[in-house]
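One-letter residues, chain by chain:
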Amino acid sequence: MKLAVASQTGTADRIALINKQRRLYLNTMRDLSKLAAVEDRGNPIAQLLIEGAMLHLQADLDWLERCQEELE
């Protein structure tokens, strides 16, 4: 949404927005990795939820990469 509005209004640098969001996602993935490392391996539901969140974040990162390629 921010990318669409930024391009129409010229109020923000689209690549800067992408980089900011990428940093946010990478920080969240790092936090989830730490959580997975300390989470009880005997709790498969917790592990699956963490893995699902990380896969979703990876898909978002891939999409941001695609956006950046298209805009540059």
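Above this text is the structure in question.
This structure is a prediction, so every number in the text was calculated from the model and none was measured.

Criteria and cut-off values
Residues numbered from 1 in each chain as written. Predicted model: local features only at pLDDT ≥ 70, side-chain atom pairs only at ≥ 80, totals over all residues. Heavy atoms only, no water. Core = buried A, V, L, I, M, F, W, Y, C linked by side-chain atoms within 4.5 Å. Buried < 20%, exposed > 50% of the residue type's maximum accessible area, 1.4 Å probe, protein only. Helix = DSSP H or I, 4+ residues; strand = E, 2+ residues; numbered from the N terminus. Contact = heavy atoms within 4.5 Å. Patch = residues over 30% accessible without salt bridge, like charges linked within 9 Å, V, L, I, M, F, W, Y side chains within 5 Å. Areas by Shrake-Rupley, 256 points an atom, 1.4 Å probe, with all protein chains shown as cover. Salt bridge = Lys/Arg side-chain N within 4 Å of Asp/Glu carboxyl O.

Colleague: How should I be thinking about the nonpolar core in this particular structure?
Modeller: In a soluble, globular protein the nonpolar side chains are often hidden away together inside. The biggest cluster of nonpolar side chains holds 11 residues, and these are Leu3, Ile18, Tyr25, Met29, Leu32, Ala36, Ile50, Leu57, Leu61, Leu64 and Cys67. Looking at this core, the elements that each hand over two or more residues are α2 (14–38) and α3 (44–71). Leave out the neighbours within four places in its chain, and leucine 3 touches Arg14, Leu17, Ile18, Trp63, Cys67 and Leu71.

Colleague: Looking at this model, I keep getting lost on the environment of threonine 28. Mind explaining?
Modeller: Topologically, threonine 28 is positioned in helix α2. By relative accessible area, which is 31% here, threonine 28 ends up partly exposed. Separated by 16 residues in the primary sequence, threonine 28 and proline 44 place their C-alpha atoms 21 Å from one another.

Colleague: I'm lost on the environment of alanine 12 in this one. Help?
Modeller: Locating alanine 12 in the fold gives a position in the loop between α1 (2–9) and α2. The residues touching alanine 12, leaving out its near neighbours within four places in the chain, are Ala6 and Leu17.

Colleague: Teacher, can you tell me more about a nonpolar patch on the surface here?
Modeller: Among the surface-exposed residues, Ile45, Leu48 and Leu49 lie close enough to one another that they form a single nonpolar patch of about 340 Å² accessible area. Along the chain, the position of leucine 48 falls in helix α3. With a relative accessible area of 54%, leucine 48 lands in the exposed category.

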